[in-house]
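Fold and geometry: a report
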Amino acid sequence: MSVWSDLPGQSAVIEQLSRAAAAERPAHAWLFTGPPGSGRSNAAKAFAAALLCEQQDPAERGCGTCHACRTVLAGSNADATLVATENVTFSIQEMRELVGKAQDKPSSGRWRVIIIEDADRMTERTTNVLLKAIEEPPPRTIWMLCTPSPADVLVTIRSRCRPVSLRIPPADDVAALLVRRDGADPELAGFAARVSQSHIGVARRLAADADARHRRDTIVRLPLRLRGVADAVTAAGELVDISNADAAAASEQRNESEREALLIALGAPEKGAMPPAIRSQLKRLEEDQKRRAKRSLSDSLDRVLIDLSTFFRDVLTVQLGTGTELVNEYLRQDLTSYAERSTPEQTLGRMDAIAQARQRLGTNVAPVLAMEAMAVSLL
């Protein structure tokens, strides 16, 4: 099984990156773009593994079985650095440290590869710190930036990177990946792939977590029970509660494992008071986790609104009679009934209200207020 196996529906990208990995001197900077869930980070990691692959034959690089390939994909290879901010944006200090790391020679492989997830979370000042490193890179360093759209990074960065454009993979390919990689039930995998709109990460979570499926179903059914302003206000509170529960579920297990790993690394005593040095390390970890929780909640709120928008997307599909497959096919009867009680113009207005709520949440508006305003607009 090669490093490209977890990139469903991306044959053109795989061909492009395979050729580059086999080249004697690949481009020094790459920009991976594509819709959320298309697998930008997975593609970058697969490319990094192929670049560092131990196979001598260039055509066989990316074997997926050698030590270099396995460690890159596992995130433990010394020559491949994956960077993702836990804050809303990357800090200038984070970027300066990364630029300094880029000057180091590879420890064992041919290249030093640095992957920046969510490169769109860099401010202009932070990007300018990175620009110099990309303009004049060390001879054995390769940069990979991941972002939804080329427009999300400064044109000065974009013009210096080789573009890699990923597309939303077909739902059938995502379902097949879940069955093969995670052992998911085929029927459940198909459902998860369809309702996630082929978002690989979301589909994986829905296929594995019954609570996540229940929360999504509650969100999608919300318009069916709105009868007045009181219902809308109550529903808005429920959406925020669901977002909090989703974010907490994603963070809780990770936070605990990080704490345990830190205590083991520091040699903390199993019982009794913690030494001051260990307490300060734990406090720093907790502060990092709180910052990450803020971003996690923001992402969860956005995902809630995306799921809600699929209801009205399906309603509009029914109203216009396009014959396009519904995202929420299992709700077809309810969707048809709802569509008959409204017009396409009203449906578009409700979709605009959801889009506006997403914009407001991006400007740090109180979540409850944004959700209440949106829910009232859905009446």
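Residues numbered from 1 in each chain as written. Predicted model: local features only at pLDDT ≥ 70, side-chain atom pairs only at ≥ 80, totals over all residues. Heavy atoms only, no water.

**Some words on the overall build of the chain**
Under the convention used in this document: Numbering of helices and strands starts at the N terminus; helices are DSSP runs of H or I of at least 4 residues and strands are runs of E of at least 2. Computation of the radius of gyration draws on C-alpha atoms, with the globule rule given as 2.2 Å multiplied by the number of residues to the power 0.38. Type-normalised accessible area, obtained with a 1.4 Å probe on protein chains alone, sets the label of each residue: buried when under 20%, exposed when over 50%, and partly exposed for intermediate values. Throughout, a contact is declared for two residues whenever any of their heavy atoms are within 4.5 Å.
A count of helices and strands for the chain gives 15 helices and 5 strands. On C-alpha atoms alone, the chain measures out to a radius of gyration of 23 Å, which is about the 21 Å that the 2.2 N^0.38 rule sets for 379 residues. Summarising its shape, the C-alpha atoms of the chain cover approximately 65 × 55 × 40 Å along the three principal directions. Within the chain, buried positions represent 45% of all 379 residues. Of the contacts formed within the chain by residues at least 6 apart in sequence, a portion of 72% connects residues at least 24 apart.

**Structural notes on a nonpolar patch on the surface**
Convention followed: Residues enter patches when they are more than 30% accessible in relative terms and free of salt bridges; like-charged ones are connected within 9 Å and nonpolar ones (Val, Leu, Ile, Met, Phe, Trp, Tyr) within 5 Å. What sets the accessible areas is the Shrake-Rupley method with a 1.4 Å probe; for residues, cover comes only from the shown protein chains. When a carboxyl oxygen of Asp or Glu is within 4 Å of a side-chain nitrogen of Lys or Arg, the pair counts as a salt bridge.
Among the surface-exposed residues, Val229, Val233, Val376 and Leu379 lie close enough to one another that they form a single nonpolar patch of about 290 Å² accessible area. Counting through the fold element by element, Val229 comes out in helix H11 (residues 229-266).

**So, the domain arrangement of the chain**
We count it as follows: Start and end points for every domain follow an automatic or database-based domain assignment.
The domain boundaries assigned to the chain delineate domain 1 (11-165), domain 2 (171-208) and domain 3 (225-377). Its C-alpha centre places domain 1 at a distance of 27 Å from the equivalent point of domain 2.

**A few points about the pairing of strand S1 (residues 29-33)**
Here is the rule: Here, strands pair whenever DSSP counts at least two bridges between them.
Counting buried positions along S1 yields 5 of 5 residues, so the element is predominantly enclosed. Residue alternation in S1 divides its side chains into two sets, Ala29, Leu31 and Thr33 and Trp30 and Phe32, and both sets are buried. Looking at chain direction, S1 and strand S4 (residues 141-147) are connected through 5 bridges and run parallel. When the sheet's bridge partners are listed, Trp30 is paired in S4 with Met144. Two elements, S1 and strand S5 (residues 162-165), share 4 bridges in a ladder whose sense is parallel. Bridge pairing links Leu31 to Pro163 in S5.

**Considerations on the environment of Asp307**
Among the structural elements, Asp307 can be located in helix H12 (residues 276-320). On the basis of relative accessible area, Asp307 is assigned to the buried category, the value being 7%. Other than its neighbours up to four places away in sequence, Asp307 contacts Arg216, Ile219 and Val220.

**Observations concerning the sheet that holds S5**
Threshold: Lines fitted to C-alpha atoms define the axes, with helix axes restricted to the stretch in contact, and inter-axis angles between N-to-C directions lie between 0 and 180 degrees.
Ordered in space as S2-S3-S4-S1-S5, the 5 strands form an open sheet in which the pairing is parallel. Whereas interior strands pair on both sides, the edge strands pair on one side only; in this sheet they are strand S2 (80-83) and S5. With direction set aside, neighbouring strand axes in the sheet form an average angle of 15°. As defined by bridge partners, strand S3 (residues 112-116) adjoins S4 across 5 bridges and the pair is classed as parallel. Along S4, the bridge assignment pairs Val113 with Ile142. Sitting on the sheet, helix H1 (residues 11-22) touches S1 and S5, and the angle it makes with S5 is about 145°. Contacting S1, S3 and S4, helix H5 (residues 124-135) crosses the sheet at an angle of about 140° to S4.

**Looking at the pattern of salt bridges**
Evaluation of the coordinates by the stated rule reveals 18 salt bridges. The partner of Asp307 in a salt bridge is Arg216, with the nearest N and O atoms 3.6 Å apart. Of this pair, Asp307 sits in helix H12 while Arg216 sits in helix H10 (residues 210-221); the two residues are 91 residues apart in sequence, bridging distant segments of the chain. Taken as a pair, Asp307 and Arg216 share a single burial class, namely buried. For Arg313, the salt bridge identified is with Asp314, shortest N-O distance 3.0 Å. Through salt bridges with shared partners, one network takes in Asp6, Arg180, Arg181, Asp182 and Arg204.

**With respect to the environment of Gln56**
Structurally, Gln56 can be placed in the loop between helix H2 (40-52) and helix H3 (67-74). For the pair Gln56 and Ala22, spaced 34 residues apart in sequence, the C-alpha separation works out to 10.0 Å.

**Observations concerning the confidence of the model for the chain**
The cut-off we apply is this: What pLDDT conveys is the predictor's confidence in a given residue, as a value from 0 to 100.
Residues at a pLDDT of 70 or more form 93% of the chain, whose mean pLDDT is 88. The least confident element of the chain, judged by mean pLDDT, is H11 at 79; the most confident is helix H13 (residues 332-340) at 96.

**Brief notes about H13**
Our working definition: Note that the arc is computed from the directions linking the helix axis to the C-beta atoms.
Residues of H13 that are buried: Leu335, Tyr338 and Ala339. Projected down its long axis, H13 shows its buried positions confined to an angular sector of 100°, all on one face. Of the exposed residues in H13, the ones pointing more than 90 degrees away from its buried face are Gln333 and Glu340.

**With respect to the environment of Gly62**
Among the secondary structure elements, Gly62 is positioned in the loop between H2 and H3. We classify Gly62 as buried; its relative accessible area is 2%. Distance from Gly62 to Gly237, taken between C-alpha atoms, is 48 Å for residues 175 residues apart in sequence. Gly62 has contacts with Ser2, Val3, Ala50, Cys53 and Cys69, leaving out every residue within four places of it along the chain.

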